[in-house]
Amino acid sequence: MCGIVAYLGNKEAYPVLIQGLRRLEYRGYDSAGVALCQQGGFHVIKTKGKVDDLEAQAKGKDVSGTVGIGHTRWATHGEPNDVNAHPHCSQSEDIVLIHNGIIENYSVLKEQLLQEGYTFCSATDTEVLVQFIDFIKKSHQVSLLSAVQIALQQVVGAYALAILSREDPDMIIAVRKGSPLVIGIGEEEFLLASDATPIVEHTQKVVYLNDEEIAVLKRGQPMQVTTIHNVPHTFKVTELEMSLSALEKEGFDHFMLKEIYEQPRTIRDSCRGRVNVAMNQLSIAGVIDHRERFMAAKRIIIMACGTSYHAGLIGEYMFEEFARIPVEVEYSSEFRYRNPLIYPDDIVIAISQSGETADTLAALEIAKEKDAFLFGICNVVGSSIPRNTHSGCYTHAGPEIGVASTKAFTAQVTVLALLSLAVGRLRGTLPDATFHEVIHELDQLPSKVESILEMNEELKDMARIFTYARNFLYLGRGYNFPVALEGALKLKEISYIHAEGYPAAEMKHGPIALIDAEMPVVVIATHHNNYEKIISNIQEVKARKGRIIAVVTEGDVTVRNLADFVIEVPHTVACLGPILSIIPLQMLAYHIAVVRGCNVDQPRNLAKSVTVE
Ligand code: G6P
């Protein structure tokens, strides 16, 4: 949450910062601001609202300067308003900074500063931090770098910071702990951002800072990296592999729709270089390199949040089916505070689109202490989870900008299928015929997804009928149960209609009480093992006059005769069914949200990357 960006070089900083903030707006969008180094001090412009509001606010003002920082906020401490927006200045106006994260001991620090005569104008933890650095600098009579180091040794919490000082306007100090930070090294310029998207059009050379590392970026000098304990560190420069077009809407009305339409390609990309259907081969480097750990594993624990958790549930069924290993799927936020039992022969798989989710990172840390083998399934290359796991597998879905996850989910499920097949082969638990059938089906998936995308107009019409619904129920069994959860999540995230996903048989233990003629019930009723059982569940809904929207396999007759609305998807094997079934549900949620006039790409109160717990 919160996006930070900074620039130091020969260009005008303001346009670079604004462009960067637009790219990072998915991380938070309740207020935005910039600070530019100008003659004698900083020019801070900030406002409640989006980057567009910031631009309106800046119109006619002096936005010159070749050094600056920018921020787009997802409020934690203090409501979204002009004063709480970042950047925050010290009272002396000597230091200004932007922050992504949470300073947990801010109230203790604030108390100390109040006693020293400091006053505060905002309700944020960030203003406390900038004043604290100012206080340390003055009371210890040290450089800004030393002040930041001393201050951060006393700070509890998570942060990615970019700091400017009036004393040295040609320098940016950048530091992180628990929140992401990437530094771009261009020709006589530095960029810095929460992810690589604001950097890619300026330079391909990036450095991913590690926790507690501080970078000093000075005009005309190479970057220096040390730690908050003042230990010099070397750093590795990485080449970005990201195309600019991936960051544009390319004619679509919303990123979410573009990303839904990208799924045939992203599923292919998830398999690329790993599956060879003609040769009946599958190779996952992250498994081959650690085959002993996978052979010896007694249990798999999958940790994730949000949509990634739903992918994890599908992974559970896959691993149990193909690799016959017991699997537990955990919400990272629950796992981390539960004193969980973890053993060295456990494999812990963290699933995360961003690779930065604070709860998942913290849960991994706990598993690491217990010597479990850590495996990451992430989308963002170079993010924290891949850097903090023993092995892993990127999903290669490309940048996902719409806050509601779509292509990242289907890519995660694709990778989980590959992984469970690879582990099943390794452990000798997977019959050859099943293996061949599934990889053949994987190869066919992109064209099957394409045929579902052709139903866009039909789904748009259906969406109009349900625009005024107040509640939705989603039901599924087996592999389709997580699809019900994910379908419901999509709808509530972007349309603000209350929606619940349930295992279909559990309906009679509660949700059935809600069903009446007003209640649309989405049932995922494809031709897989529990087909007859789900038909009984549909009958139970019909008997209470609920309106059924059924996702069925092409050619289905039985459910068609019962349901009010039918969405057909092509046939595939059960384990890959979720990849097809979720797509019309993504599209339905999208169109309902559009008709309701919601901001699809930036739904209220949400953020794409949740870097606070
Ligand atoms: C947020 C996003 C979701 C995402 C979840 C987990 O809530 O809005 O789309 O599923 O975080 O994020 P991760 O990056 O770990 O997959």
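Residues numbered from 1 in each chain as written. Predicted model: local features only at pLDDT ≥ 70, side-chain atom pairs only at ≥ 80, totals over all residues. Heavy atoms only, no water.

(A) Looking closely at the sheet that holds strand S9 (residues 182-186). The sheet built from eight strands is open, its strands ordered S3-S2-S4-S1-S10-S9-S11-S14 with antiparallel pairing. In this open sheet, the two edge strands, each paired with only one partner strand, are strand S3 (41-48) and strand S14 (238-239). One ladder, built from three bridges, connects S9 with strand S11 (residues 205-208); its direction is antiparallel. Directly across from valine 182, in S11, lies its bridge partner tyrosine 208. The sheet strands contacting helix H1 (residues 13-24) are strand S1 (3-8), strand S2 (31-38), strand S4 (67-73) and strand S10 (189-193), and the helix crosses S1 at an angle near 155°. Packing against the sheet, helix H2 (residues 51-58) makes contact with S2 and S3, and its axis sits at approximately 130° to S3. (Pairing = 2+ DSSP bridges. Helix = DSSP H or I, 4+ residues; strand = E, 2+ residues; numbered from the N terminus. Contact = heavy atoms within 4.5 Å. Axes fitted to C-alpha atoms, helices over the stretch in contact; angles between N-to-C directions.)

(B) Examining the nonpolar core more closely. In terms of nonpolar packing, the biggest core is built from 94 residues, with Met318, Phe319, Ile349, Leu421, Phe472, Tyr474 and Leu576 touching the most fellow members. Within the second largest apolar cluster, 30 residues are counted, among which are Val51, Leu191, Val200 and Val206. (Core = buried A, V, L, I, M, F, W, Y, C linked by side-chain atoms within 4.5 Å. Buried < 20%, exposed > 50% of the residue type's maximum accessible area, 1.4 Å probe, protein only.)

(C) Region of the structure containing the packing of aromatic side chains. Using the criterion set out here, one finds nine aromatic pairs in the structure. Here tyrosine 118 and phenylalanine 135 contribute two aromatic rings whose centre-to-centre distance is 6.2 Å and whose plane-to-plane angle is 90°, an arrangement assigned as edge-to-face. On the criterion of sequence distance, the pair formed by tyrosine 118 in the loop between helix H3 (106-115) and helix H4 (125-140) and phenylalanine 135 in helix H4 is long-range, its members being 17 residues apart. Given a relative accessible area of 11%, tyrosine 118 falls into the buried group. For phenylalanine 135, a relative accessible area of 14% translates into the label buried. With a centroid separation of 5.3 Å and an interplanar angle of 75°, the aromatic rings of phenylalanine 466 and phenylalanine 565 are classed as edge-to-face. Taken together, the positions of phenylalanine 466 in helix H16 (residues 456-466) and phenylalanine 565 in strand S26 (residues 565-569) put the pair 99 residues apart, joining distant regions of the chain. For the pair phenylalanine 466 and phenylalanine 565, a shared accessibility class is recorded, and that class is buried. Through successive ring pairs, a cluster of aromatic residues spans Phe466, Phe472, Tyr474 and Phe565. (Phe/Tyr/Trp six-rings, centres within 6.5 Å; stacked < 30°, edge-to-face > 60°.)

(D) Layout of the side chain of glutamine 149. Within the element layout of this structure, glutamine 149 appears in helix H5 (residues 144-153). Looking at glutamine 149, the relative accessible area reads 5%, which means it is buried. Beyond its immediate sequence surroundings of up to four residues, glutamine 149 is in contact with Ile214, Thr226, Thr227, Ile228 and Asn230.

(E) Summary view of the pattern of salt bridges. Scanning the model with the defined rule gives 33 salt bridges in all. For lysine 542, the salt bridge goes to aspartate 564, with nearest N and O atoms at 3.0 Å. With lysine 542 in helix H18 (residues 531-542) and aspartate 564 in the loop between helix H19 (558-562) and S26, the pair connects residues that are 22 residues apart, well separated along the chain. (Salt bridge = Lys/Arg side-chain N within 4 Å of Asp/Glu carboxyl O.)

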